[in-house]
Amino acid sequence: MRKIIWLLLFFITLNACKKEENQKITPEVKKEKVVKPKYEFGFNLNNFSVLVDTIQSGDSFGKILFENHIGYGKIEEIVQATKDTFNVAKLNVGKRYTVLKTKDSLEKAQYFIYQPNKIDYVVFDFSTDSITKAYTAKKPTKTVERTASGIITTSLSEAMDSAGLNVYMAHELSDIYAWSIDFFRLQKGDSYKVVFTEKYIEDSIYVGVDNIKSAVFVHNNTPFYAFDYKSDVIEGITDYYDETGKTLRSQFLKAPVKFSRISSRYNLKRRIRYYGNRIRPHRGTDFAAPVGTPILATANGTVIESTRRGGNGKYVKIRHNSTYSTQYLHMSRRAVKVGQVVKQGDVIGYIGMTGNTSGPHVCYRFWKNGRQVDPLREKLPAAKPISDELKEEYFAYIQPLKKQLDAIPLPEVNEEEN
């Protein structure tokens, strides 16, 4: 019996040894982890030690590179070699930059990439001692067409906000209709419909509104259509025209300030309590806005005065042609000089309280044939319409766009809001 037990123990031990030996012969093979390449700016970022940051106050191109182990001599060489592509003195605070460095203990910078906006970027390549270069490029973007509509209950910007639209859209629409609609006098029940495109990076990163293709704004029960059309193919000039081929652009903007309010109108019979209720004519239109708000030239012209004088405070006067001139009073700061040619919409100064004024505003004065008149009552000349040779093509172009606009439904307005 003992012999049988010993034999069983012997065979059990022998099998256990064989199993252990087999396990040693065929070790488990571990799978290597595959690292997915991560591309940005045309580089596989996995090949570098990557630093991503934003330009801070006090930062400079040289300071950033020196902190990443590039000597001053090499920095000067990079600046000189790339100055025709990009001026490194123009790095703006808050803008994103990326430094690609060697993957070793030194982590020496090889590329510096600066992004002035979400799409454009500048690459400084100093990865080799022999060649230093810089080039500009753009991130690939995708354009998506969208439609939107809204009804004004309080203001245009609030209507856009409730529709989930970027505030930039309100500015764009106000620019398009700046010559045909007085946005200081929008009425409750006015409405808009718009077809526009937005840009995205990598299908998910929102860049912003790309272009407004067409729009219709109903103001005081009158529809105002706007279609973006390239009227000069050679020069690449585009403008907005209505359904009849007339341009929406006048020679003059309706106001020198965006999103302001009229605090005092042109009034030759205005009485002022401070002066014993005597008549003190007001030959300008006051647009109230916070100090520092940009003041815009309402039309193309030449600056004929830029000075400070008496109750006018700091002001700018522009001669537009032999008929019209405009003046902008009470500025905190002037941005143009005498003799300078300005274009419609250029910033010529900033809202202030210089001279005789009780609050921040710009007093906008308008001359016609040497006499001050009320610009809001003047029938101002419009720019040129679509040329006769382009009209047939234009009408064919806008036909589907107008159908698309008309088919966009307006949102339902809560009765309580009315």
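Provided above is the structure to which this section pertains.
Since the structure is predicted, the reported quantities are computational estimates derived from the model, not experimental observations.

Looking now at the overall build of the protein chain. Each helix and strand in the protein chain was counted, giving 6 helices and 24 strands. Residues classed as buried in the protein chain amount to 37% of the 418 residues present. Taking the intrachain contacts of the protein chain between residues at least 6 apart in sequence as the baseline, contacts between residues at least 24 apart amount to 61%. Total accessible area computed for the protein chain in this model is approximately 25,400 Å², and 50% of it derives from carbon and sulfur atoms.

Before going further, it helps to spend a moment on unusual backbone geometry. Located in the positive-phi region is Glu107, a residue other than glycine, with phi close to 50 degrees. Since its relative accessible area comes to 32%, Glu107 is described here as partly exposed. Look at Asn369: it is not a glycine, yet its phi comes out positive at around 55 degrees. Among the structural elements, Asn369 can be located in the loop between β23 (361-368) and β24 (371-373).

In this model helix α6 (residues 388-407) runs 29 Å from its N-terminal to its C-terminal C-alpha over 20 residues, within 8% of the 28 Å that 1.5 Å per residue would give. Within the sequence span of α6, burial applies to Leu390, Tyr394, Ile398, Leu401 and Leu405.

With respect to the helices, strands and loops of the structure, Asp190 is situated in the loop between α5 (167-176) and β9 (191-201). At a separation of 3.1 Å, a polar atom in the side chain of Asp190 contacts the main-chain amide nitrogen of Asn220. When sequence neighbours within four positions are dropped, the list of residues in contact with Asp190 reads Gly150, Ile151, Ile152, Phe217, Val218, His219 and Asn220.

Turning our eyes to something else, we now look at the packing of aromatic side chains. Scanning all chains against the criterion turns up 24 aromatic pairs. The rings of Phe61, Phe86, Tyr97, Phe112, Tyr114 and Phe124 are connected pair by pair, giving a single aromatic cluster. Over the ring of Trp367 we find Lys317, and its NZ or CZ is 3.9 Å from the ring centre.

Here Glu305 lies in strand β18 (residues 301-309). In the structure, Glu305 is positioned 13 residues away from Ile318 in sequence and 7.0 Å away in space, judged by C-alpha atoms. Those residues in contact with Glu305 that lie beyond four places of it in its chain are Tyr315, Val316, Lys317 and Val338.

Turning to the pattern of salt bridges, a few remarks are in order. One pass over the structure, following the stated rule, counts 13 salt bridges. Lys63 is the partner of Asp59 in a salt bridge, and the nearest nitrogen-oxygen pair spans 3.3 Å. With relative accessibility at 22%, the residue Asp59 sits in the partly exposed group. Relative accessible area serves as the criterion here: at 36%, Lys63 is assigned to the partly exposed category. The shortest N-O distance in the salt bridge between Glu145 and Lys213 comes to 2.7 Å. Taken as a pair, Glu145 in strand β8 (residues 141-151) and Lys213 in strand β10 (residues 205-219) lie far apart in primary sequence, 68 residues in all. Several salt bridges share partner residues, and in doing so they unite Glu40, Arg96 and Lys139 into one network.

Next up on the list: the environment of Gln344. Note that Gln344 resides in the loop between β21 (341-342) and β22 (347-351). Residue Gln344 is classed as partly exposed on the basis of its relative accessible area, which comes to 21%. Gln344 sits 92 residues away from Phe252 along the chain, and the two C-alpha atoms are 7.6 Å apart. The contact partners of Gln344, leaving out residues within four places of it in the chain, are Trp179, Arg249, Ser250, Gln251, Phe252, Leu253, Ala297, Thr298, Ala299 and Asn300.

Our next topic: the sheet that holds strand β7 (residues 133-138). Pairing is antiparallel across the open sheet formed by 5 strands, whose spatial order is β3-β4-β5-β6-β7. Edge positions in the sheet fall to β3 (49-54) and β7, since each of these pairs with one other strand and no more. Each strand of the sheet is rotated relative to its neighbour by a mean of 20 degrees, with strand direction disregarded. Inspection of the sheet shows strand β4 (residues 96-101) paired to strand β5 (residues 109-115) by 6 bridges, in the antiparallel sense. Counted as the bridge partner of Leu100 is Tyr111 from β5.

Our focus in this paragraph is helix α3 (residues 72-82). Those residues of α3 lying buried are Lys74, Ile75, Ile78 and Thr82. Along α3, the residues classed as buried sweep out an arc of 105 degrees about the axis, all on the same side. Pointing more than 90 degrees away from the buried face of α3 are the exposed residues Tyr72 and Gly73. Those residues of α3 that are buried are in contact with α2 (61-67), β6 (120-125) and β7.

The rules behind these values
- Along each chain, the written sequence defines residue order, and numbers are assigned to residues from 1.
- Given that this is a predicted model, residues contribute local features only at a pLDDT of at least 70 and side-chain atom pairs are listed and counted only at 80 or more, while totals for whole chains, interfaces and linings are drawn from all residues.
- In computing side-chain values, all of the structure's heavy atoms are included and hydrogens and water are not.
- Under the DSSP-based scheme used, a helix requires at least four consecutive residues in state H or I and a strand at least two consecutive residues in state E, with every element numbered from the N terminus.
- Throughout this description, buried means an accessible area under 20% of the type-specific maximum (1.4 Å probe, protein chains only), exposed means over 50%, and partly exposed covers the range between.
- Two residues form a contact once any of their heavy atoms are found within 4.5 Å.
- What sets the accessible areas is the Shrake-Rupley method with a 1.4 Å probe; for residues, cover comes only from the shown protein chains.
- A helix is expected to span 1.5 Å for every residue after the first.
- A 3.5 Å cut-off defines polar contacts: any pair of N or O atoms within that distance qualifies, except that in protein one atom must be a possible hydrogen donor and the other a possible acceptor, and neighbouring residues in sequence count only when both atoms are side-chain atoms.
- Centre distance within 6.5 Å is the pairing criterion for rings of Phe, Tyr and Trp, where only the six-membered ring of Trp is used; planes under 30 degrees apart are then read as stacked, over 60 as edge-to-face, and the remainder as tilted.
- Cation placement over rings: the criterion is NZ of Lys or CZ of Arg within 6 Å of the ring centroid and within 35° of the ring normal.
- Any Lys or Arg side-chain nitrogen located within 4 Å of an Asp or Glu carboxyl oxygen qualifies as a salt bridge.
- Whether two strands pair depends on DSSP finding at least two bridges between them.
- Working convention: axes come from line fits to C-alpha atoms, limited for helices to the stretch in contact. Angles between N-to-C directions cover 0 to 180 degrees.
- It is the directions from the helix axis to the C-beta atoms whose arc is reported.

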